[in-house]
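Remarks on the overall topology
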Amino acid sequence: MSNLSPSKNDWNGSYVPKHSAKILLESMDSGNCPLLPDSNGKLIIDPIYNVNTGRVLNGKDLIPAQVTKVQHGYESKFVATKLSIESSKTTVKQGEKGLFYNWQDENGKFHHSSYFFADQTSNPENILDKGNKQLRKDERLVGKTLQIDSVENYLPMYLAACRSGADVTVSKEIAAAFEETFKLICKNELATQGKNKEIQPLNSFIYDADKKSLAVINANWDMGKKINKHQDRKKEQEICL
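About the thresholds
- Along each chain, residues carry numbers from 1 onward, in the same order as the chain's sequence is written.
- This being a predicted model, a pLDDT of at least 70 is required before a residue's local features are given, and a value of 80 or more before pairs of side-chain atoms are given or counted; all residues contribute to the totals for chains, interfaces and linings.
- Side-chain calculation: all heavy atoms of the structure are included, whereas hydrogens and water are not.
- Salt bridge, as used here: a side-chain nitrogen of Lys or Arg that lies within 4 Å of a carboxyl oxygen of Asp or Glu.
- For helices the rule is a DSSP run of H or I covering at least 4 residues; for strands it is a run of E covering at least 2, with both sets numbered from the N terminus onward.
- The buried label goes to any residue with under 20% of its type's maximum accessible area, the exposed label to any with over 50%, and the partly exposed label to all in between, with areas taken from a 1.4 Å probe on protein chains only.
- Here an angle of 0 to 180 degrees is reported between the N-to-C directions of two axes, which are lines fitted to C-alpha atoms, with helices fitted over the stretch in contact.
- Angles are sorted into four bins: roughly parallel if under 35 degrees, roughly antiparallel if over 145, roughly perpendicular if 65 to 115, and oblique for all others.
- Handedness of each helix crossing follows the sense of rotation of the near helix against the far helix: counterclockwise by less than a right angle gives left-handed, clockwise gives right-handed.
- Throughout, a residue-residue contact means that at least one pair of heavy atoms, one from each residue, lies within 4.5 Å.
- For this classification, Asp, Glu, Lys and Arg are treated as charged, while Ala, Val, Leu, Ile, Met, Phe, Trp, Tyr, Cys and Pro are nonpolar and the rest, including Gly, are polar.
- For two strands to pair, DSSP has to find at least two bridges joining them.

Let us look at the pattern of salt bridges. Here the structure, examined in full by the defined rule, presents 8 salt bridges. Between K69 and D46 there is a salt bridge; the shortest N-O distance is 3.0 Å. Residue K69 is located in helix 3 (residues 59-72), and its partner D46 is located in the loop between helix 2 (15-30) and strand 1 (49-50); the two are separated by 23 residues in the primary sequence. For D46, a relative accessible area of 28% corresponds to the partly exposed category. Between K60 and D61 there is a salt bridge, and its shortest N-O distance comes to 3.2 Å. One salt-bridge network, in which partners are shared between bridges, spans D29, E179 and K183.

Take a look at the structure:
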C-alpha cells in the first residue's frame, strides 16, 4: 500500500519515483498507458509543456504527466506550479491534486513540488495564454518517422519524438517486450523487501533514456541536413547539365 503521508526522508528522492511507478503500473494494467500503442497499433505522441519555460517536461516528469492526463481526461498540454498559477492570476480548483516532482537546489538538496494542468485551475485560459506565449517547440524532426527497433531504444525514441515533433512506429513484439521490461522496473521500484539491485531504478532508467533521446534527435537532424545538402548538390548538377 502506498504511503499517503511520506516523511521528509521519503520525499528526498524516493517517494516521487514510487508514486510514478504506481500510476504507471495502473495505466499498463488498465490498457491505457500512453507509452504503449493504442488498439490500432499506433503510438500517440503527446508532449506536455512547462508553462513557465515553454519547453517539454523532462522524461521523469513527462511520462507520469502523460499518464495523469489520460487517467483524468485533461485536455491541456500545459502544466504549471502553484507559483506560475498565481502569477497567471488564477488559482487551483478546490480539491485538485497535483503531480508530484522532485528538484535539486544549487547545494544538491532535494525538494518536492507539484505540477497542475491548466484544466485544474479556475481560469485555464490564463494558463493557456501564458503557455502559448512561452511555447518553444523543437520541430527539427517534424515530418520524420522514427522506427523503434529494440526494447533498449524504445523509450529514447519515444521521448525523442515527444521533444522533436517526429512520429514513431513500433512492432507489436517490441512493444510487448518493452511493456514487460517496464513493468519489472516499476514493480521493483515499489518493492519494500527483496528488491532486485540488478534492475535499474525507475528515475535512472528514464534519465538515461532522456539523454539518449537527445542523441537520437541530433543524429537524425544531422542525417537530414546531409541528405538535403546532397539533394541540393544533385539539383545544381542537373541544372548545369
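Let's pick the thread back up.
With that settled, consider the packing of helix 2 against helix 3. It is the contact of helix 2 with helix 3, at a shortest axis distance of 10 Å, that shows an interaxial angle of 50°. Comparing the axis directions of helix 2 and helix 3 gives the class oblique. Between helix 2 and helix 3 lies a crossing of left-handed hand. Seen from helix 2, the contacting residues are S20, I23, L24, E26 and S27; seen from helix 3, they are I63, P64, V67, T68 and Q71. Of the residues assigned to the contact of helix 2 with helix 3, the class counts are 5 nonpolar, 4 polar and 1 charged.

Right, let's get into the pairing of strand 4 (residues 110-117). Across 2 bridges, the pairing between strand 2 (residues 78-80) and strand 4 is antiparallel. Its bridge partner lying in strand 4, A80 is registered against F116. Alignment of strand 3 (residues 99-104) against strand 4, held across 6 bridges, turns out to be antiparallel. Note that in strand 4 the partner of W103 across the bridge is H111. Here strand 3 hands over to strand 4 after 5 residues, with G108 in that stretch at a positive phi of 85°.

These values are about where atoms sit, not about what they do.
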